[in-house]
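Fold and geometry: a report
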Amino acid sequence: QHPSGRMKKKCFKKMMSQALPHFSKEEAEKMENHIFRIYDLNQDGFIDFHEFMTVFMVLTGDEPKSVLEKMFRIFDVKSTGTITKEEMLILVTDMHKLIRENETDEENETDEELANHAF
């Protein structure tokens, strides 16, 4: 489906909408943006095979430092080298739906409360 070995954001969006069918269009778009940002290492607007495999191997590999660096990049939304409360709140708000269905009433915290736990 991608003979050039590169996936445009539009194709990635379609794939993500199939993977997250219970998300609204707005919720899915936020998730797509966060995940695409992680895979598009050189920020050229495409995910190529090398970028995909690099992230896949880092996130599934056994090199702890590399895994932690990638996890940091997920939370460093603005790519400044630091994670602010604002960035944490953005990510928690956008990703909270992934875990909401499994929460009990006692665990129901606001997005802001969840983000503040990190600080």
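In case you missed it, the structure is sitting above this.
The rules behind the values
- Residues numbered from 1 in each chain as written.
- Predicted model: local features only at pLDDT ≥ 70, side-chain atom pairs only at ≥ 80, totals over all residues.
- Heavy atoms only, no water.
- Helix = DSSP H or I, 4+ residues; strand = E, 2+ residues; numbered from the N terminus.
- Buried < 20%, exposed > 50% of the residue type's maximum accessible area, 1.4 Å probe, protein only.
- Contact = heavy atoms within 4.5 Å.
- Areas by Shrake-Rupley, 256 points an atom, 1.4 Å probe, with all protein chains shown as cover.
- Core = buried A, V, L, I, M, F, W, Y, C linked by side-chain atoms within 4.5 Å.
- Salt bridge = Lys/Arg side-chain N within 4 Å of Asp/Glu carboxyl O.

With that settled, consider the overall build of the protein chain. In terms of regular secondary structure, the protein chain is built from six helices and two strands. Secondary structure elements of the protein chain, listed N to C terminal, follow the sequence β-α-α-β-α-α-α-α. When each of the 119 residues of the protein chain is scored for burial, the buried share is 27%. Taking as baseline every contact in the protein chain between residues at least 6 positions apart, the subset at least 24 positions apart corresponds to 45%. For the protein chain, the exposed area adds up to about 8,200 Å²; of that, 57% sits on carbon and sulfur atoms.

This part covers the nonpolar core. Membership of the largest hydrophobic core is limited to ten residues, which are Met7, Phe12, Met16, Leu20, Phe23, Ala28, Met31, Phe36, Tyr39 and Ile47. Listing elements by their share of this core, those giving two or more residues are α1 (9–19) and α2 (25–39). Top contributing element to this core by residue count: α2, with four residues. Leaving out residues up to four positions away in the same chain, Ile47 has contacts with Gly5, Arg6, Met7, Phe12, Phe36, Tyr39, Asp40 and Phe52.

Applying the stated rule across the entire model yields three salt bridges. With a shortest N-O distance of 3.2 Å, Lys78 and Glu86 are connected by a salt bridge.

In this section: unusual backbone geometry. Its identity as a non-glycine residue notwithstanding, Gln43 has a phi of 55°, on the positive side. Take Gln43: it is sitting in the loop between α2 and β2 (46–48). The exposure class of Gln43 is exposed, given its relative accessible area of 56%.

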